[in-house]
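# Residue-level structure breakdown
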Amino acid sequence: MESPTHSADKKIKVGIIGGTGYTGGELLRLLTNHPNVTIEAVTSRKSAGVRIDTIHKHLKGFYNQAFETPDLGAIAKRCDIVFTAVPHGAAMNDVPQLLKDTLVKVVDLSADYRLPASVFEKTYALKHTDPRDVVYGLVELHPEAASETLVANPGCYPTGSNLAAAPLAAKGLIDHAIFDSKSGVSGAGIKPSDVSHYPNLAQNIEAYKLTTHRHAAEIRQELGRLQGDIGSISFTPHVIPAIRGILTTAHIFTKEKMDTDAVQAIYTEFYAPHPFVRVIDSIPMLGGVRGTNFCDIFVEVDESSNRIVVVSAIDNLVKGASGQAIQNMNLMFNLPQTTGLWTPAVNP
Ligand SMILES: NC(=O)c1ccc[n+]([C@@H]2O[C@H](COP(=O)([O-])OP(=O)(O)OC[C@H]3O[C@@H](n4cnc5c(N)ncnc54)[C@H](OP(=O)(O)O)[C@@H]3O)[C@@H](O)[C@H]2O)c1
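Our subject in this report is the structure included herewith. Being a predicted model, the structure only gives us computed values, none of them experimental. (Residues numbered from 1 in each chain as written. Predicted model: local features only at pLDDT ≥ 70, side-chain atom pairs only at ≥ 80, totals over all residues. Heavy atoms only, no water.)

### A few points about the site of the ligand
In plain terms, the rule: Residues are classed as near a molecule or strand on a simple rule: at least one heavy atom within 4 Å of it. Throughout this description, a polar contact denotes any pair of N or O atoms lying within 3.5 Å of each other; where both atoms belong to protein, one of them has to be capable of donating a hydrogen while the other can accept it, and for residues adjacent in sequence the pair is counted only when both atoms sit in side chains. For the accessible areas, the method is Shrake-Rupley and the probe is 1.4 Å, while residue cover comes only from the protein chains on display. In this description a helix means any DSSP run of H or I spanning at least four residues, a strand means any run of E spanning at least two, and both kinds are numbered starting from the N terminus. Gly falls in the polar group here, along with every residue not listed as nonpolar (Ala, Val, Leu, Ile, Met, Phe, Trp, Tyr, Cys, Pro) or charged (Asp, Glu, Lys, Arg). What fixes the domain bounds is an automatic or database domain assignment.
Close to the ligand lie 25 residues; Thr-20, Thr-23, Ser-44, Arg-45 and Val-86 are nearest. One of the side-chain N or O atoms of Thr-23 is found 2.8 Å from an oxygen atom in the ligand. A distance of 3.4 Å separates an oxygen atom of the ligand from a polar atom in the backbone of Leu-109. For the ligand, the protein covers 81% of the area, taking 880 Å² as the surface of the free molecule. Taken together, the elements giving at least two residues each to the shell around the ligand come down to helix H1 (22-31) and helix H10 (318-332). Of the residues belonging to the shell around the ligand, the class tally is ten nonpolar, twelve polar and three charged. When residues are assigned to domains, the shell around the ligand turns out to be shared by domain 1 (12-133) and domain 2 (157-316), each giving three or more.

Below, the structure written as structure tokens:
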């Protein structure tokens, strides 16, 4: 069994399971800029043998290898870290095979390990076949993830919502909170659907799962960890005619009326050690974070009530998925968390 400990001159061998999807493609795109990794294996069940840049045409010239069949035991032995970028329900089958008899590390991008098994089963109406305690890899809230073998990469909506409310929850100030999120359509993955069909999506906005979206469980879990007595957490998502990005407007009702300067100071101080969260002085836009691992946050106090409005913006495929997964990998291999991820947004 080879040790995954790394010297600076030894490249980290990366495997990606589910490499034909959006988050798999985004891992591959982002990792072209990472100085410490080499892509060892990228799998696909239906496109094994096909060159990566045949499916991911935007990666032409960057990878000349082909997708391979997911022979998980063999891939785990060849790699130092494997990203599982597959649907929920599939990862819980893959992860135990990857971890068996190897020292490989795994970052799972699915929902399978983000919640305790009992909560997962209730939320996803699916039996969990691999229950275990796994750290929730929202880096800004869980530095302990760095020393783990398996990390559960957070959901996209919960990343934007939890980062919007965490500083107030950490101080025990929240009475209750309402999260209203708008997502680009890549959040639903690569498979076309009625929602993503152009005439249905263009010039349109659709609210969905008004009170029952599964990601609410992750928001309740993480804010509840920070503030045990937190009141109700409400979450409603929308799909908007954008490809990437999640804009969340959080209405946070505090126990007592607060003033703007005090609230801004809480956010600035909380995120000072965290390079990917920018507390900015204007209302964030998706365009400010597109293609990046940043979460932009703006805070305004409603002087007439106990309401604080916090707006956060992330790219669902980067901070909401593959970028955050690489941020986790960096910390798991003792690299600066910004390695390979320090890039400004694509604009316009
Ligand atoms: N899209 C986002 O913004 C986002 C954000 C955060 C988290 N996530 C999570 O990340 C995971 C991947 O998301 P995605 O958007 O990349 O999905 P996707 O575009 O649908 O791609 C998933 C890939 O996994 C493979 N796959 C499909 N079903 C599988 C199965 N039953 N067993 C093994 N492999 C299977 C497929 O590749 P082959 O058929 O070629 O094998 C597919 O290309 C999901 O769990 C998703 O919830 C997504």
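### Observations concerning the sheet that holds strand S6 (residues 150-152)
Convention followed: Paired strands, in this sense, are two strands between which DSSP finds at least two bridges.
Spatial strand order, S2-S1-S3-S4-S6-S5: six strands in an open sheet with parallel pairing. With partners counted over all chains shown, the strands left at the sheet margins are strand S2 (37-42) and strand S5 (135-136), one partner each. Pairing geometry for strand S3 (residues 81-84) and strand S4 (residues 105-108), over four bridges, is parallel. Paired with Val-82 across the two strands is Val-106, which belongs to S4.

### Observations regarding a negative patch on the surface
Defined as follows: Within this analysis, patches are made of residues with over 30% relative accessible area and no salt bridge. Like charges are joined at 9 Å or less; nonpolar side chains (Val, Leu, Ile, Met, Phe, Trp, Tyr) at 5 Å or less. Throughout this description, the term salt bridge denotes a Lys or Arg side-chain nitrogen within 4 Å of a carboxyl oxygen of Asp or Glu. Counted as positive: Lys and Arg. Counted as negative: Asp and Glu, with His and the chain ends omitted from the count. For this purpose, a charge sits on NZ of Lys, CZ of Arg, CG of Asp or CD of Glu. Working definition: with a 1.4 Å probe on protein chains only, accessible area under 20% of the residue-type maximum means buried, over 50% means exposed, and in between means partly exposed.
Taken together, the side chains of Asp-259, Asp-261, Glu-300 and Glu-303 present a region of like negative charge at the surface. One can find Asp-259 in the loop between strand S10 (246-254) and helix H9 (260-271). Its relative accessible area of 43% is what places Asp-259 among the partly exposed residues.

### Comments concerning the environment of Gly-224
Stated precisely, the cut-off is as follows: Any two residues whose heavy atoms approach within 4.5 Å at even a single point are treated as in contact.
Its place among the elements puts Gly-224 in helix H8 (residues 216-226). Residues Gly-224 and Gly-340, spaced 116 residues apart in sequence, show a C-alpha to C-alpha distance of 32 Å. When residues no more than four places from it in sequence are discounted, the contact partners of Gly-224 are Ile-219 and Ile-230.

### Notes on the packing of helix H6 (residues 156-170) against H10
To keep it simple, the criterion reads: Fitted lines through C-alpha atoms serve as axes, helices being fitted only where they are in contact, and the angles separating the N-to-C directions of these axes extend from 0 to 180 degrees. When an angle is under 35 degrees it counts as roughly parallel; over 145 it counts as roughly antiparallel; between 65 and 115 it counts as roughly perpendicular; any other value is oblique.
Two elements in contact, H6 and H10, have axes whose closest approach is 8 Å; the angle formed by their N-to-C orientations is 100 degrees. Judged by the angle between their axes, H6 and H10 are roughly perpendicular. Contact residues: Cys-156, Thr-159 and Leu-163 in H6; Lys-319, Gly-320 and Gln-324 in H10.

### A short note on the side chain of Thr-20
For Thr-20, the position within the fold is in the loop between strand S1 (12-17) and H1. If sequence neighbours within four positions are ignored, Thr-20 has contacts with Thr-43, Ser-44, Lys-46, Ser-47, Ile-55, His-56, Phe-67 and Ile-190.

### Brief notes about the pairing of strand S13 (residues 307-314)
Among the eight residues that make up S13, seven are buried, leaving the element largely enclosed by the rest of the structure. As paired strands, S10 and S13 are joined by eight bridges and run antiparallel to one another. Bridged to Leu-247 within S13 is Ala-313. Bridge count for strand S12 (residues 295-301) against S13 is six bridges, and the pairing is antiparallel. Within S13, the position partnered with Val-299 by the bridge is Val-310. The loop that links S12 with its antiparallel partner S13 comprises five residues.

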